[in-house]
Amino acid sequence: MHPLQASVEGLPELPGVYRFLAADGAVLYVGKAKALKRRVASYFSRGALPPRIQTMVEQAHALEITVTASESEALILEANLIRQCQPRYNVLLKDSKSYPYIHLASQHAYPRLSLYRGGRQGPGRYFGPYPSAQAVRETLKYLQKIFPVRQCEDVQFQSRRRPCLQYQIRRCSAPCCARVTQEQYAHWTHEVILFLEGRDRQLVQELEKGMWEAAAREDFAIAAQLRDRMRAIRLVQEQRRLDLEPDDDLDVVCITEREGVHAVQVFFVRAGINLGNRGFFPENATGVPAPEVLEAFLMQFYADKKAPAEVLVNLEPPDIGWLAQALGCSLRLPRRGGRRRLLEMAIANADEALGRRLRGEAETNRRLNELAQILGLGATPGRIEAFDVSHLRDAHVVGSRVVFGRGGFVKGEYRRYALANPGLEDDTARMATMLRRRLTALRKEDSEKWPDLLLLDGGQGQLNAVVAVVRELQLEPLALCAMAKGPDRNAGRERLFLPSREMPLILPPDSPVLFLLQNIRDEAHRFAVGYHRLRRSREQRRSGLDAIPGVGGKRKQALMRRFGSLTGVRRATVAELATVEGIAFGLAEQIHAFLHSEE
């Protein structure tokens, strides 16, 4: 009898959420129930459980429940807890990115169009969501060709004294230099809104009317501009519009499964226009039926965003009515018409993505097997951690860790290290310090996260330093490999340094294992360089305002928005500084005195 089985009798027959906990308090599994007592009791019945759930129950040491007011509330709470706790035995959607929108700053006299991520509580209009930042940039590019609405930041807009290149190539109307009236700009803004809302037919009608009016008064230059704009709108919309109604807002979510791997494709359709698609591969889903994986995916996917009025699916989730009520949308399985054709297109994309994934995993496993044989690892590595150091003439020194598994790079496990310690005189000492921090943390981590191979970007010196750290921390045996660039730093001539070999190992230039190691090494280098550039740019963005007592981030932003640059702030009088929100007269005098103290 399981130790937790006795606690089942005290559970209520009410809707809620239950959580199985490990001995250390970590959440192993989160589930929902219409009746908590019956659902939890099923885990201890004599009926056969899936192997994954059977293992979870054997590891469970405690049980927690939360009673909810309704079944829908339980479903929402379950999705939020799964996203928050990332339980080991739940089907997981590893997607922490927010979805981008197009933001129109309509509160501004000359609104700006821009890519936006985050909450939509601020002023302005939001259009989307789009599946990726690339999709937003493509749309902004189309808009810039058709409507001369600015896309520059407010600081640049306020500091501009003459039109920029965008005005010269007719991609902006230069409102920063008063080259367009506010009324005309407002008219273009209205056209942009119609375009993004999918009301292109109404927009074309308005443009056509304006074209004939301009022709009637013999203003043929304006008529030609309106004609060209109509043609551009029709061309763009012909490429993007689907066989749907102009006001259709919906998502298409389909799932396919093969060899224990699930692939999900989501298509975003707004105002009858396909904004693009995005693929997902849920984790911990081996052996779970596809309808159950789809249900778990939908709840986690819409946990932090509002679902559209209609969501098309290719399989019926187990509790479709309950799920639709919790999401506040209609879940449909279309059988015919434009929606069916759209669903079939999504299924074809999911099948193709799944095929690529399986082919990629098979090739990766083959290369990992060869790597194990070449390095004498004894078993195929399931987790490789690669480390690199980046700096520019010993300034802004940083390090990186990337993780590679059998499914590819595990970006949620990437880490960055600040190594700006003056006592670390060279990259060898910095690598040793970074690995000391990592290996010390390893003792507290789950055994599943122990690396099968540590890959160092460096040579014999880096390897010897890390071997000393491993011995000091008594973490042997840990497989280590240092990868040094060849003569003239040419790819394909790398040398591999191993603790068990006196001479470096040189693989053939066309070796698949070498390509694999190069790919992992280059990813660690990319991640380190990106962090180094971030720290360097932050330092470069520091201005004279940072040293003024009482001027924090918000006041600094307010000053820059008001005057455009540090030069503009320095030219301002005390009275002008005091008009900025958050700047009292006394602080304005202090800012003015500080900025003119060096003159």
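Structure: see above.
These numbers were taken from a predicted model, which means no experiment stands behind them.

Asks: Quick one: what's the story with the overall build of the chain, residue by residue and with numbers?
Replies: In terms of regular secondary structure, the chain is built from 19 helices and 18 strands. Seen through its principal axes, the chain has C-alpha atoms that stretch 85 × 70 × 55 Å. Put simply, the chain has 599 residues, and 46% of those count as buried. In the chain, the share of contacts with a sequence separation of at least 24, taken over all contacts with a separation of at least 6, comes to 60%. For the chain, the accessible area works out to roughly 30,600 Å², and carbon and sulfur atoms hold 48% of it. Taking the average place of the 87 positive charges on the side chains of the chain and the average place of its 71 negative ones, the gap between the two points comes to 3 Å.

Asks: Break down helix α16 (residues 553–563) for me, citing the residues and quoting the values.
Replies: Buried residues of α16: A558, L559 and F563, and no others. Viewed end-on, α16 has its buried residues packed into an arc of 105°, placing them on one side of the element. Among the structural elements, α5 (154–159), α17 (566–571), α18 (574–577) and α19 (585–595) are those in contact with the buried residues of α16.

Asks: Explain the packing of aromatic side chains to me, using residue names and the numbers behind them.
Replies: Summed over all chains, the structure comprises 19 aromatic pairs. Considering the side-chain rings of Y18 and Y29, the 6.5 Å spacing of their centres and the 35° angle between planes classify their relative orientation as tilted. Highlighted residues: Y18 in strand β1 (residues 16–21) and Y29 in strand β2 (residues 27–33), separated in sequence by 11 residues. Y18 gets classed as buried once you look at its relative accessible area, which sits at 1%. The class for Y29 is buried, based on a relative accessible area of 13%. Ring geometry for F20 against F44: centres 6.4 Å apart, planes inclined by 70°, an arrangement best described as edge-to-face. A residue pair is termed long-range when its members are at least 10 positions apart, and F20 in strand β1 and F44 in the loop between α1 (36–41) and α2 (51–59) qualify at 24 residues. F20 gets classed as buried once you look at its relative accessible area, which sits at 0%.

Asks: For the sheet that holds strand β3 (residues 62–67), give the residues involved together with the corresponding values.
Replies: Reading across the sheet, the 3 strands line up as β2-β1-β3 and stay open at both edges, with antiparallel pairing between neighbours. Edge positions in the open sheet fall to β2 and β3, since each of these has one partner strand only. Neighbour to neighbour, the strand axes of the sheet diverge by 20° on average, direction disregarded. Bridge count for β1 against β2 is 6 bridges, and the pairing is antiparallel. Bridging across to β2, G16 finds its partner in A33. Along the sheet, helix α3 (residues 71–85) contacts β1, β2 and β3; its crossing angle with β2, the most-contacted strand, is approximately 165°.

Asks: How would you explain the packing of helix α7 (residues 182–196) against helix α8 (residues 200–216) if you had to name every residue and give the values?
Replies: In the contact formed by α7 and α8, the axes pass within 7 Å of each other and the chain directions differ by 145°. Taken together, the residues of α8 that come into contact with α7 (itself represented by H190, E191, L194 and F195) are D200, Q202, L203, E206 and L207. Here the contact of α7 with α8 is built from residues that sort into 4 nonpolar, 2 polar and 3 charged.

Asks: I'd love a proper account of the layout of surface pockets, names of residues and values included.
Replies: Taken as a whole, the second largest pocket holds about 900 Å³ of empty space. Taken together, 29 residues make up the lining of the second largest pocket; nearest its centre are P148, W188, Q225, L226 and R229. Residues of the lining of the second largest pocket, tallied by class, amount to 13 nonpolar, 6 polar and 10 charged.

Asks: Give a detailed account of the pattern of salt bridges, specifying residues and quantitative values.
Replies: Evaluated as defined, the whole model comprises 30 salt bridges. Across the pair E295 and K32 runs a salt bridge, and its minimum N-O distance is 2.8 Å. Note that E295 is positioned in helix α10 (residues 290–301) and K32 in strand β2, a separation of 263 residues in sequence. In this pair, the class of E295 matches that of K32, namely buried. Residue E385 is joined to R438 by a salt bridge in which the shortest nitrogen-to-oxygen separation is 2.7 Å. Pair noted here: E385 is in strand β12 (residues 383–392) and R438 is in helix α13 (residues 427–442), with a separation of 53 residues, a long-range link. Pair check on accessibility: E385 and R438 agree, each one buried. Three or more residues joined by partner-sharing salt bridges are found here, namely R383, E385, R401, E413 and R438.

Asks: Account for the side chain of R270, naming residues and giving values.
Replies: In this fold, R270 is placed in strand β8 (residues 261–270). A residue is classified by how much of its surface remains accessible, and R270, at 14% relative accessible area, is buried. Within the structure, the side chain of R270 is placed 3.1 Å from the backbone oxygen of L250, a separation counted as a polar contact. Among the polar contacts listed, one links the side chain of R270 to the side chain of D251, at a separation of 2.9 Å. Ignoring anything within four residues of it in the chain, the contact list for R270 reads G128, P129, D248, D249, L250, D251, L275 and P308.

Asks: Explain unusual backbone geometry residue by residue, including any values.
Replies: A cis geometry characterises the amide bond from G128 onward to P129, with omega recorded as 5°. Position of P129 among the secondary structure elements: in the loop between β6 (125–127) and α4 (133–146). Residues other than glycine seldom take positive phi values, yet Q86 does so here, at roughly 50°. Mapped onto the fold, Q86 is located in the loop between α3 and β4 (101–104). When its relative accessible area of 29% is taken as the criterion, Q86 is described as partly exposed. Despite not being glycine, E218 has its phi angle at roughly 65°, a positive value. Following the sequence through the fold, E218 ends up in the loop between α8 and α9 (220–240).

Cut-offs applied
- Residues numbered from 1 in each chain as written.
- Predicted model: local features only at pLDDT ≥ 70, side-chain atom pairs only at ≥ 80, totals over all residues.
- Heavy atoms only, no water.
- Helix = DSSP H or I, 4+ residues; strand = E, 2+ residues; numbered from the N terminus.
- Buried < 20%, exposed > 50% of the residue type's maximum accessible area, 1.4 Å probe, protein only.
- Contact = heavy atoms within 4.5 Å.
- Areas by Shrake-Rupley, 256 points an atom, 1.4 Å probe, with all protein chains shown as cover.
- Lys, Arg positive; Asp, Glu negative; His and termini not counted.
- Charge placed at Lys NZ, Arg CZ, Asp CG, Glu CD.
- Arc of directions from axis to C-beta.
- Phe/Tyr/Trp six-rings, centres within 6.5 Å; stacked < 30°, edge-to-face > 60°.
- Pairing = 2+ DSSP bridges.
- Axes fitted to C-alpha atoms, helices over the stretch in contact; angles between N-to-C directions.
- Nonpolar A, V, L, I, M, F, W, Y, C, P; charged D, E, K, R; others polar.
- 1 Å grid on protein atoms, 1.4 Å probe; cavity = no way out; pocket = protein on both sides within 12 Å on 5 of 7 lines; lining within 4 Å.
- Points joined across faces, edges and corners; volume = space filled by probe spheres on them.
- Salt bridge = Lys/Arg side-chain N within 4 Å of Asp/Glu carboxyl O.
- Polar contact = N/O pair within 3.5 Å; in protein donor to acceptor, adjacent residues only side chain to side chain.

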